[in-house]
Structure formats: C-alpha cells, structure tokens
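Reading the structure
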Amino acid sequence: MRENIFVGLVHYPVYNKNKEIVATSVTNFDIHDISRTSRTYDINKYFIITPVKSQIELTKRIMGYWQEGDGIGFNKDRNEAFENTRVVSSIQEAMDSIEKLTGKKPKIVTTSAKIHDNSITFADMSKLLFTMEDPVLLLFGTGFGLTDEVMSMSYKIIEPIRGKTKYNHLSVRAAVSIILDRLLGED
C-alpha cells in the first residue's frame, strides 16, 4: 500500500498573503525534515516541486552533499532519508514520474486549512489509502496555500488540522508530520 503513496511539497503555484500566485523559496528545513518524515513513514517518493532553476540547483547540491559528498560519512541516516527525495519542476512532472513508476495516473489529494465540498476526515482517508489501488500524490502547499487551480485537481481534500485554539498556522514540516502520522501511523 505505501508503495502507492507519494508526497509533494508545492512551491509553485501557491498564493502569497495578497492572494497573488507566486513561487516560494525551497528551505533547507523542508528538504531535510520532510525527507526524514517521508522515509520514516515509508513514502514511495517525496517530490520537491519548484520551477525556479536556481532553487532546483541549490536543492540538488544540498542533497548531493549527503548522498555523494562528505555528508555520507558524517551522517548515513541523512543519506538514507534522501534516497526517495526528488526535485521536479512541476506538479505535472511529479504526476508523470508516478505514472511511469506505477503504470497508473495518481489521484491528487490535497491539504487545506479550510473545509471544502470534497473534504475527508483523517480516519476516512486512512481507510481509503489502505484499500485504493491507484497511486496517491499527497500535495502540501507553501506560502499561503495551494492555488484554486491545484485544489480543483483534488480527488479529496484532507480536513484541517485543528488544535484547541483559534491560532491555525502550522509550519508545513509540522503539518506533513502530523498528517502522515494520522494517515499511516500506528493505531
């Protein structure tokens, strides 16, 4: 089942605080932390999605240090975490890669801090993941969230993570960890 689950961190297209479509910067924390979380939950591939060439080059250089450079001897666990991490220039490129690997088009599942018509609970999505035969690309947005265009591609939208306060602005790294644990963690 987990061989059919893929994670994508979308840096474009996303909104900024003025609801303009932008490309956000890839952060070192997102490269490392989401790779480690994806490896912990045995995600097939973690795609860092950005069309910005300099961001692609920087991300590959950071990952290369741990996969081919001095970082291998320094921390072999980091090398293992990056085994399934890929940098791609678009959501479509991630989808094409998944289709090439699995022979099937992936279903897009997104996350949001809001409820939508096709929102699904963590429990129901978890059950669905364990029974689906199609691959799933679970997309997370950076900046101020995924664009309406990306959200409209969604087969399902996972319900928001709610704390017991009015404040609701988790880092994407924290959200990925919480969501993967709720979907795939031990009962």
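Per chain, the residues get numbers from 1 upward, laid out in the order the sequence is written. Confidence filtering applies because this is a predicted model: local features only for residues at pLDDT of at least 70, side-chain atom pairs given and counted only at 80 or more, and all residues used for totals across whole chains, interfaces and linings. Hydrogens are left out, water is left out, and the side-chain values use all remaining heavy atoms of the structure.

The name given to the chain in an unreviewed UniProt entry is tRNA (guanine-N(1)-)-methyltransferase C-terminal domain-containing protein, with the source organism recorded as Sneathia vaginalis.

Counting from the N terminus, the helices are DSSP H or I runs at least four residues long and the strands are E runs at least two residues long. Counting its regular elements, the chain contains eight helices and nine strands. This radius of gyration counts C-alpha atoms alone. The globule rule is 2.2 Å times how many residues there are, raised to the power 0.38. For a compact globule of 187 residues, the expected C-alpha radius of gyration is about 16 Å, and the chain comes in at 16 Å, within 12% of that figure. Dimensions of the chain along its principal axes, counting C-alpha atoms only, are 50 × 40 × 35 Å. Residue exposure (1.4 Å probe, protein chains only): buried if accessible area is under 20% of the type maximum, exposed if over 50%, otherwise partly exposed. A buried classification covers 44% of the 187 residues belonging to the chain. The contact criterion used throughout is that any non-hydrogen atoms of two residues lie within 4.5 Å. If you take every contact in the chain between residues at least 6 apart in sequence, the share linking residues at least 24 apart comes to 80%.

Another point: the layout of surface pockets. Think of a 1 Å grid over the protein atoms and nothing else: a 1.4 Å probe that fits but is trapped marks a cavity, an open set flanked by protein within 12 Å on at least five of seven lines marks a pocket, and residues with an atom within 4 Å of a point count as lining. Grid points are joined across faces, edges and corners, and a volume is the space filled by probe spheres set on the points. By volume, the largest pocket amounts to about 930 Å³. Taken together, 34 residues make up the lining of the largest pocket; nearest its centre are Ser-112, Ala-113, Gly-143, Phe-144 and Gly-145. Secondary structure elements with two or more residues in the lining of the largest pocket: strand E8 (136-141), helix H7 (148-151) and helix H8 (172-184). At four residues, H8 tops the list of elements feeding residues into the lining of the largest pocket.

Burial analysis of strand E6 (residues 107-111) places four of its five residues in the buried class, the great majority of the element. Pairing of E6 with E8, which is carried by four bridges, proceeds in the parallel orientation. Its bridge partner lying in E8, Lys-107 is registered against Val-136. Here three bridges tie E6 to strand E9 (residues 156-158), and the two strands are oriented parallel to one another. By the bridge assignment, Thr-110 is partnered in E9 with Ile-157. The criterion for strand pairing is that DSSP finds at least two bridges linking the strands in question.

An ideal rise of 1.5 Å per residue puts 18 Å on 13 residues; helix H1 (residues 28-40) measures up with 18 Å between its terminal C-alpha atoms. Once H1 finishes, Asp-42 follows within two positions and takes phi at roughly 60 degrees, a positive value. Take the residue count of a helix, subtract one, and multiply by 1.5 Å to get its expected span.

This part covers the nonpolar core. By nonpolar core we mean a set of buried residues, namely Ala, Val, Leu, Ile, Met, Phe, Trp, Tyr and Cys, connected to one another through side-chain atoms within 4.5 Å. Ile-158 and Leu-183 are the most contacted members of the largest nonpolar core, which totals 34 residues. Of all elements in the fold, only strand E1 (5-10), H1, strand E4 (45-49), helix H2 (53-67), helix H6 (122-131), E8 and H8 reach the threshold of two or more residues within this core. In terms of residue count, the dominant contributor to this core is H8 (seven residues). Excluding anything up to four places from it in sequence, Ile-158 contacts Val-109, Thr-110, Thr-111, Ser-112, Ile-120, Phe-122, Met-125, Leu-138, Ile-179 and Leu-183. Membership of the second largest hydrophobic core comes to 17 residues, among which are Val-10, Ile-91, Ile-98 and Leu-146.

On to the pattern of salt bridges, then. Salt-bridge detection follows one rule: a side-chain nitrogen of Lys or Arg within 4 Å of a carboxyl oxygen of Asp or Glu. For the structure shown, the criterion picks out six salt bridges. Taken together, the salt bridges that share partners define one network made up of Asp-30, Asp-33, Arg-36 and Arg-173.

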